[in-house]
Amino acid sequence: MSRHAEYDRNTVVTQATAVFWDKGYGKTSVGDLVKATGLQPGSLYAAFGNKKGLFLEVIDQYNQRFIARIRQLRADEGPAIEKIHGLLRQMVDEAAAGDADRGCLNVNALLEMSRHDAEIASRLRGYNAELRKAVAWIVKDAQAEGDVPPDRNANELATFVINNIWGVKVMCKSRPDRGSLEAIVTGVVCALRN
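Remember, it's a predicted structure, so these values are computed and weren't measured experimentally.

(A) Main features of the overall build of the protein. A count of helical and extended segments in the protein gives nine helices and zero strands. Each helix and strand of the protein, ordered N terminal to C terminal, gives the series α-α-α-α-α-α-α-α-α. Burial status across the protein gives 42% buried among its 194 residues. In the protein, the share of contacts with a sequence separation of at least 24, taken over all contacts with a separation of at least 6, comes to 70%. Approximately 10,400 Å² of the protein is accessible, and the part contributed by carbon and sulfur atoms is 51%. Side chains of the protein give 26 positive and 24 negative charges; the mean places of these two sets differ by 5 Å.

Below is the structure:
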């Protein structure tokens, strides 16, 4: 009779996320992952194939959660422009609380891996396209509500918003003052309105 895995896959991925986020892909060893997850190397390999397989699941979980957060934001009550403003303000609050020092897992992975691993780069590009589409819908809502000029390209504006989200997350690694981050948020919202 075969033994069934006695672990929660999502929990293991969440635990591995913290390690990859702190150390990066290249500096994370299987030993680091064993220590973080409590699984033995054989169990990790049986469940995920290899370190890269686990990293791909980390990327999947991280992106699916963030994209779901953006989609939920669109479904929430209130003006679309305030939803974008609120998302950016929430990032500033996370930075002020010290919860954003690691930057963005996607940006970190893009910088470290995109030139060295086509599969990881492709996965990240796909999620970036999904994120841009989700943000573009909120921008289109803001256009329909009259807060963003209707003649502007919603996809380009979504790319602008995402670029600034990433920029704020990268800046958070250097622990900037709150005023600097709030100035970025104000600038993004003003740029969308004009």
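(B) Inspection of the packing of helix 6 (residues 105-113) against helix 7 (residues 118-144) at higher detail. In contact at an axis separation of 10 Å, helix 6 and helix 7 are set at 145 degrees when each is read in the N-to-C sense. Crossing of helix 6 over helix 7 shows left-handed handedness. From helix 6, Asn106, Ala109, Leu110 and Met113 reach across to helix 7, where they touch Ile120, Leu124 and Asn128. Among the residues making up the contact of helix 6 with helix 7, the classes are represented as five nonpolar, two polar and no charged.

(C) Here's a closer look at the nonpolar core. Of all hydrophobic cores here, the largest spans 60 residues; its most connected members are Phe20, Leu44, Leu54, Ile70, Val135 and Leu192. Residue contacts for isoleucine 70: discarding those within four places in its chain leaves Leu87, Leu131, Ala134, Val135 and Ile138.

(D) Structural detail: the environment of glycine 38. Mapped onto the fold, glycine 38 is located in the loop between helix 2 (30-37) and helix 3 (41-48). Along the primary structure glycine 38 and glutamine 15 are separated by 23 residues, whereas in three dimensions their C-alpha atoms are 9.4 Å apart.

(E) Inspection of the packing of aromatic side chains at higher detail. All told, the structure shown has four aromatic pairs when counted by the stated rule. Taking 6.0 Å as the distance between ring centres and 15 degrees as the angle between the ring planes, the aromatic pair formed by phenylalanine 20 and tyrosine 25 counts as stacked. Like phenylalanine 20, the residue tyrosine 25 is buried in the burial classification. Note on tryptophan 21 and tyrosine 62: the rings are 5.3 Å apart at their centroids and 85 degrees apart in plane angle, and the pair reads as edge-to-face. With tryptophan 21 in helix 1 (residues 9-23) and tyrosine 62 in helix 4 (residues 51-75), the pair connects residues that are 41 residues apart, well separated along the chain. When sorted by exposure, tryptophan 21 lands in the same class as tyrosine 62, which is buried. Here the aromatic residues Phe20, Tyr25 and Phe55 are joined through ring pairs into a cluster of three or more.

(F) Representation of helix 6 in the model. Of all the positions in helix 6, only Leu105, Asn106, Val107, Asn108, Ala109 and Met113 are classed as buried. Contacts made by the buried residues of helix 6 are with helix 1, helix 4, helix 7 and helix 8 (154-172).

(G) Main features of the packing of helix 3 against helix 4. Where helix 3 meets helix 4, the closest approach of the two axes is 8 Å, and the angle between their N-to-C directions is 60 degrees. Between helix 3 and helix 4, the angle is such that the two are oblique. The chirality of how helix 3 crosses helix 4 is left-handed. Of helix 4, the residues touching helix 3 (which contributes Leu44, Tyr45 and Phe48) are Lys51, Gly53, Leu54 and Glu57. Class assignment for the residues of the contact of helix 3 with helix 4 results in four nonpolar, one polar and two charged.

(H) View of the pattern of salt bridges. Per the counting criterion, the structure on display carries 14 salt bridges. Across the salt bridge formed by lysine 52 and aspartate 117, the nearest N and O atoms sit 3.1 Å from each other. A residue pair is termed long-range when its members are at least 10 positions apart, and lysine 52 in helix 4 and aspartate 117 in the loop between helix 6 and helix 7 qualify at 65 residues. Residues glutamate 182 and arginine 178 are paired through a salt bridge, measuring 2.7 Å at the closest nitrogen-oxygen approach. Separated by four residues within a single helix, glutamate 182 and arginine 178 lie in helix 9 (residues 178-193), roughly one turn from each other. Its relative accessible area of 37% is what places glutamate 182 among the partly exposed residues. Residue class for arginine 178 comes out partly exposed when judged on its relative accessible area of 36%. Salt bridges sharing partners connect three or more residues here, namely Lys52, Asp60, Asp117, Glu119 and Arg123.

Cut-offs and rules
Residues numbered from 1 in each chain as written. Predicted model: local features only at pLDDT ≥ 70, side-chain atom pairs only at ≥ 80, totals over all residues. Heavy atoms only, no water. Helix = DSSP H or I, 4+ residues; strand = E, 2+ residues; numbered from the N terminus. Buried < 20%, exposed > 50% of the residue type's maximum accessible area, 1.4 Å probe, protein only. Contact = heavy atoms within 4.5 Å. Areas by Shrake-Rupley, 256 points an atom, 1.4 Å probe, with all protein chains shown as cover. Lys, Arg positive; Asp, Glu negative; His and termini not counted. Charge placed at Lys NZ, Arg CZ, Asp CG, Glu CD. Axes fitted to C-alpha atoms, helices over the stretch in contact; angles between N-to-C directions. Left-handed = near helix turned anticlockwise from the far one by under 90°. Nonpolar A, V, L, I, M, F, W, Y, C, P; charged D, E, K, R; others polar. Core = buried A, V, L, I, M, F, W, Y, C linked by side-chain atoms within 4.5 Å. Phe/Tyr/Trp six-rings, centres within 6.5 Å; stacked < 30°, edge-to-face > 60°. Parallel < 35°, antiparallel > 145°, perpendicular 65-115°, else oblique. Salt bridge = Lys/Arg side-chain N within 4 Å of Asp/Glu carboxyl O.

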